[in-house]
Amino acid sequence: MRLAGERPHGRPHVSSERSTVRENAAGAPKTSPRRRRWLRAIVVALAVMLALSLFGGWLLQPKQLVPIILDRTGKTLSLEITADSNAEARLRGEPQLLVRNLVVRESGTKTELLRADRLLIALPWSTLRSGGKNVIVERIELDAPRLNLTALQAWLATRPPSEETTIPTLSDGLRVRNGRIDNDDWRVENIDIDLPKLYPQREVNARVRGRYVDAPITVSFDLAVALTRPANDAGLAVAGPLTIEGRDWRLPATATLSGPLRIGADDLRIWPAKFGMAARYESGDTQMPFALGLHGPLHFHEATLALEPVTAILRGEGAVPNLNSSGAIALGRRLVLRLDGTMPAWPEPWPALPAPIGQSRSPLPFRLRYSGKPDVSELIELGLARDAMRFDSRFRLDAVLGWVEQSVGSPLPPLDGTLSAPTLEISGAMLEGVEITVDDEAIR
């Protein structure tokens, strides 16, 4: 039957995505840069730069020598490198060079690839004697570096290919303070990195702090990172607090990620990845704690994280349901969810289901689809079932959460939907062959 006064409304159609979950999340596809191996070239150039500064130190003062060194190094890498003239060079102990207001551009362009208030590099004599063939560095320090990711990718695309991959040694580590990475539409700011030491075949431990900004979403993080060794298929573990914030909500959490790591030319994989998060959704006076677990192959490419296929388990308190599901998740410019699973029970804080559906103890299979902004502000498609009952709906999460929280108001949630059931009890009357359509004009 159809309730009187309602407009005919078909059951929402959930289309099957022909493109991959990654393409939907990334938005317009981008062209990947070709495979490049440039780390060794940069370290060799730095070694030559310091060697030249030390060799010429007896003849020229650092402020006179540095422009020559930077010019020669830049020409080697097809870059324009400049810095202030008040440079410092040290010969005693470990050779060391310090420059200020460093600016790096691709030759013939005005776009800055890298800028830093201060760069310190210290190399052992063995590296200098080898001409950079031994990629061993004592220490690197960067103050307020700002990296233009788009410009970096453009420069890498011009570099000649090489099959050689070299992991440098940093005997006294790396320190970055107040760094920033800029992309066309997002950035990571306030970056602090503490890497005590790096050896190709030894365990690595580091601390990484910063804030990812892609308005209106921000993610602040303070993570401990550990690797069994800095090479492909090494064991990776990441743990620490993070806070995700939107316009009028926040999600403080503690997260863990682990699995074997593989770094490609322009992508990163963890296969399989194990992700866990204990979090709390906060909006106004509302607080909803929950725990989320994910398991599956993780692929990071072109600023998009994808897990496909993924097993996702949600455990909540209060209005947050318990869910067991599988499917695909991707997060980039857009958030894409394709999950199918079961809800073991109807959450108690939710409005009671009418009889006989409410009396059933059967689990509720569900089908969830979302492709939109990462703040989940766009339409969600949800299909639910219990025994012979079927319910298909479209809604906005913030509107439904507001309806669940209010004590008085509309008896129907703000959504478009169609419910069908063999029998349903409404106001004491038992109806058969029921079909109810809810049409909310706000859901468009």
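Residues numbered from 1 in each chain as written. Predicted model: local features only at pLDDT ≥ 70, side-chain atom pairs only at ≥ 80, totals over all residues. Heavy atoms only, no water.

Engineer: For this particular structure, what's the right way to read the overall build of the chain?
Structural biologist: Regarding its fold elements, the chain presents six helices and 24 strands. Counting every position in the chain, which comprises 444 residues, the buried fraction comes to 41%. Sequence-distant contacts, at least 24 apart, represent 51% of the contacts inside the chain between residues at least 6 apart. Summed over all atoms, the accessible surface of the chain reaches about 23,400 Å², with 56% contributed by carbon and sulfur. (Helix = DSSP H or I, 4+ residues; strand = E, 2+ residues; numbered from the N terminus. Buried < 20%, exposed > 50% of the residue type's maximum accessible area, 1.4 Å probe, protein only. Contact = heavy atoms within 4.5 Å. Areas by Shrake-Rupley, 256 points an atom, 1.4 Å probe, with all protein chains shown as cover.)

Engineer: Any chance you could explain unusual backbone geometry here in plain terms?
Structural biologist: Omega for the peptide link from alanine 215 to proline 216 comes to 10°, which places this bond in the cis form. Along the chain, proline 216 turns up in the loop between strand S11 (204-214) and strand S12 (217-227). In this model, alanine 355 is joined to proline 356 through a cis peptide bond whose omega is 0°. Within the secondary structure, proline 356 sits in the loop between strand S19 (335-343) and strand S20 (364-372). A positive phi angle is found at serine 78, which is not glycine, with a value near 60°. Summarising the element assignment, serine 78 is placed in the loop between helix H3 (62-76) and strand S1 (79-82).

Engineer: Hey, could you run me through helix H5 (residues 149-156) in this one?
Structural biologist: Each full turn of the α-helix corresponds to 3.6 residues, which orients residues three or four apart in the same direction. Of the residues making up H5, those classed as buried are Leu149, Ala151, Leu152, Trp155 and Leu156. Along the axis of H5, the buried positions cluster into a sector of 160°, meaning they face one direction only. At the N-terminal end of H5, a side-chain oxygen is found 3.1 Å from the backbone nitrogen of threonine 150, two or three residues along, and the residue is asparagine 148. (Arc of directions from axis to C-beta. Polar contact = N/O pair within 3.5 Å; in protein donor to acceptor, adjacent residues only side chain to side chain.)

Engineer: Whenever I open this one, the nonpolar core confuses me. Can you help?
Structural biologist: Among soluble globular proteins, nonpolar side chains are generally buried collectively. Among the nonpolar cores identified, the biggest contains 88 residues, and Leu251 and Phe290 are the most heavily contacted of them. Contacts of phenylalanine 290, omitting those with residues within four sequence positions, involve Leu251, Met277, Ala278, Ala279, Arg280, Tyr281, Leu314, Arg315, Gly316 and Val320. Core analysis: the next-biggest nonpolar cluster, separate from the first, contains six residues, Val21, Ala306, Ala330 and Val336 among them. (Core = buried A, V, L, I, M, F, W, Y, C linked by side-chain atoms within 4.5 Å.)

Engineer: Hey, could you run me through the pattern of salt bridges in this one?
Structural biologist: Should their charged atoms come close, side chains of opposite charge can pair. All told, the structure shown has 27 salt bridges when counted by the stated rule. When the shortest N-O distance is used, the salt bridge between arginine 250 and glutamate 282 registers 3.0 Å. Taken as a pair, arginine 250 in strand S14 (residues 250-263) and glutamate 282 in strand S15 (residues 267-283) lie far apart in primary sequence, 32 residues in all. By relative accessible area, arginine 250 is classed as partly exposed at 32%. Several salt bridges share partner residues, and in doing so they unite Arg118, Arg139, Glu141, Asp143 and Arg175 into one network. (Salt bridge = Lys/Arg side-chain N within 4 Å of Asp/Glu carboxyl O.)

Engineer: For this particular structure, what's the right way to read the packing of aromatic side chains?
Structural biologist: Aromatic ring pairs: the centre-centre distance and the angle between the two ring planes describe each pair. All told, the structure shown has two aromatic pairs when counted by the stated rule. A centroid spacing of 5.8 Å and a plane angle of 40° characterise the contact between tryptophan 186 and tyrosine 212, whose relative ring orientation is tilted. Of the two residues, tryptophan 186 is situated in the loop between strand S9 (174-182) and strand S10 (187-195) and tyrosine 212 in strand S11; the sequence distance between them amounts to 26 residues. Tryptophan 186 gets classed as buried once you look at its relative accessible area, which sits at 13%. (Phe/Tyr/Trp six-rings, centres within 6.5 Å; stacked < 30°, edge-to-face > 60°.)

Engineer: Where do I start with the confidence of the model for the chain in this structure?
Structural biologist: Low pLDDT marks regions whose predicted coordinates should not be analysed in detail. Residue-level pLDDT values for the chain average 83, and 81% of them are 70 or greater. Overall, residues 1-19 carries pLDDT values under 50, and its contacts beyond four positions in sequence, including any with other chains, amount to 37 contacts. Below a pLDDT of 50 lies the segment residues 56-60, which in the model reaches five contacts outside its immediate sequence neighbourhood of four places, other chains included. (pLDDT = per-residue confidence, 0-100.)

Engineer: Would you explain the pairing of S14 in this entry?
Structural biologist: Remark: a regular strand shows side chains that alternate across the two faces of the sheet. Inspection of the sheet shows strand S13 (residues 234-245) paired to S14 by 12 bridges, in the antiparallel sense. Counted as the bridge partner of leucine 242 is alanine 253 from S14. Linking S13 back to S14 in an antiparallel pair, the connection comprises four residues. Taken together, the 10 bridges between S14 and S15 define a ladder with antiparallel strand orientation. Each residue of the ladder has a partner; that of leucine 257, found in S15, is phenylalanine 275. What sits between the antiparallel neighbours S14 and S15 is a turn of three residues. (Pairing = 2+ DSSP bridges.)

Engineer: Hey, could you run me through the side chain of arginine 118 in this one?
Structural biologist: By secondary structure assignment, the location of arginine 118 is in strand S4 (residues 112-122). Arginine 118 sits in the buried class, given a relative accessible area of 19%. Arginine 118 has contacts with Leu98, Val99, Arg100, Asn101, Glu141, Leu142, Asp143 and Arg175, leaving out every residue within four places of it along the chain.

Engineer: Would you explain the pairing of S10 in this entry?
Structural biologist: Relative to S10, S9 runs antiparallel, the two sharing six bridges. Looking at the pairing, aspartate 182 lines up with arginine 187 of S10. The turn linking S9 back onto S10 is made up of four residues. Pairing geometry for S10 and S11, over six bridges, is antiparallel. Looking across to S11, one finds that aspartate 192 is bridged to arginine 209.

Engineer: What should I look at first to understand a nonpolar patch on the surface in this one?
Structural biologist: On the surface, Phe300, Leu305 and Leu331 cluster together into a nonpolar patch covering about 240 Å² of accessible area. Inspection of the secondary structure puts phenylalanine 300 in strand S16 (residues 286-301). The class of phenylalanine 300 is partly exposed, set by a relative accessible area of 36%. (Patch = residues over 30% accessible without salt bridge, like charges linked within 9 Å, V, L, I, M, F, W, Y side chains within 5 Å.)

Engineer: Looking at this model, I keep getting lost on the environment of glutamate 441. Mind explaining?
Structural biologist: By the secondary structure assignment, glutamate 441 is in the segment after strand S24 (429-438). It is 8.7 Å that separates the C-alpha atoms of glutamate 441 and leucine 415, two residues lying 26 residues apart in sequence.

Engineer: Even after reading the chapter, I still don't get the environment of alanine 385, so can you show me in this structure?
Structural biologist: Mapped onto the elements, alanine 385 comes out in strand S21 (residues 380-386). Given a relative accessible area of 11%, alanine 385 falls into the buried group. Distance from alanine 385 to phenylalanine 366, taken between C-alpha atoms, is 6.6 Å for residues 19 residues apart in sequence.

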